[in-house]
Amino acid sequence: MKTLLGRRTRILAATTATAGLVLVAGCSSGGSESGKTTAKGVHLVKAGQLTTCTHLPYPPFQSEINGKVQGFDVSLIDLVAKNLGVKQQILDTPFENFKTGAFLNSGQCDLAAAGMTITAERKKNVDFSDPYFDATQAVLVDKKAGVNSLADVKAKGKKLGAQAQTTGEDYARSKGFDPVSFHSSDAVLNGLRTGQVQAVVIDYPVVRGWLKDKANADAFKVVDNLNTGEQYGFTVKKGNTALLAAVNKALKDAKADGTYKKLYEQWIGPYGASAASPSAS
């Protein structure tokens, strides 16, 4: 996902607001935490809410639907907020900040949820939750392009697109491509639709949702499903062990009581054995 330096951040309400705020004044011996509020022992950057940084749109994980931000990530973080007795508030930000942890470090967000792959490089800047989703990359092509694999794209000299600053773009470059970069998943797919590129590498869940539209399915097809071993995780500021524990507990509980399965089927699709328990990263 590309960094949009000129883009203003937007604060958006999540779909679910939990009742009964449980907040007390923060008391900490560390100066960096002074003045903050806490909810059940977790420091929050703003009283009464769990502030989540994301990057829109990225369906089915987060996107605006009927004026509200909804999706798989949103629903999972709603569970964390509910456990803390607060409501979730979403801040739309450039994706580059997720890799650097900038908005976490500056105190603008408590955590980040953006369908972000856990990588060793990113772990240098942020702390990741337990994996909550196993992801694969898809190669989506224009049916008129006459290509049937990623190798075909190169052999036939077709243009390949990818979302900037993502592992999909990194994968394409590792295979010798110089992909056309787009700033969001929607922009990638629009680039394919308008003929700027003839093929794209993009996360498979995004493709699956896009192909539910008959017009898209009639014109485009998946020719490769690349198992790159990627897993998504939520992130917090390095050292924020209390919030990280709260996120991990919410994920564990949701998998144990069936809530995770219900949300997965609502937003992603059929729930198989591989979806049930993403391996520890």
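Note that this is a predicted model, so its numbers are computed, not measured.

Things to note about the confidence of the model for the protein chain
For the protein chain, per-residue confidence averages 84 on the pLDDT scale, and 84% of positions sit at 70 or higher. Across residues 1–11, where pLDDT falls below 50, the model places 37 contacts with residues more than four positions away in sequence or in other chains.

Quick word on the state of the cysteines
Tallying each qualifying case throughout the model produces one disulfide. Disulfide pairing is shown between Cys53 and Cys109; the S-S distance is 2.0 Å. Judged by the sign of its S-S torsion, about 70°, the bond between Cys53 and Cys109 is right-handed. With a gap of 56 residues between them, Cys53 in strand E5 (residues 49–54) and Cys109 in the loop between helix H3 (102–105) and strand E9 (111–112) connect regions that are remote in the sequence. Given the relative accessible area of 2%, Cys53 is considered buried.

Some remarks on the packing of aromatic side chains
Summed over all chains, the structure comprises 17 aromatic pairs. Their ring planes at 20° and their centres at 5.4 Å tell us that Tyr58 and Phe61 sit as a pair that is stacked. Residues Tyr58 and Phe61 agree in their burial class; the two are buried. Seen in terms of ring centroids, Tyr132 and Tyr232 are 6.3 Å apart; in terms of plane orientation they differ by 55°. Their pairing is tilted. Placement of the pair is Tyr132 in the loop between strand E10 (126–128) and strand E11 (133–142) and Tyr232 in strand E15 (residues 220–232), with a sequence separation of 100 residues. The residues Tyr132 and Tyr232 share a single accessibility class, namely buried. What links up through ring pairs into an aromatic cluster is the set Tyr58, Phe61, Phe72, Tyr132, Phe133, Tyr232, Phe234, Tyr260, Tyr264 and Tyr271.

What counts, and where the lines are drawn
- Residues numbered from 1 in each chain as written.
- Predicted model: local features only at pLDDT ≥ 70, side-chain atom pairs only at ≥ 80, totals over all residues.
- Heavy atoms only, no water.
- pLDDT = per-residue confidence, 0-100.
- Contact = heavy atoms within 4.5 Å.
- Disulfide = S-S within 2.5 Å.
- Helix = DSSP H or I, 4+ residues; strand = E, 2+ residues; numbered from the N terminus.
- Buried < 20%, exposed > 50% of the residue type's maximum accessible area, 1.4 Å probe, protein only.
- Phe/Tyr/Trp six-rings, centres within 6.5 Å; stacked < 30°, edge-to-face > 60°.

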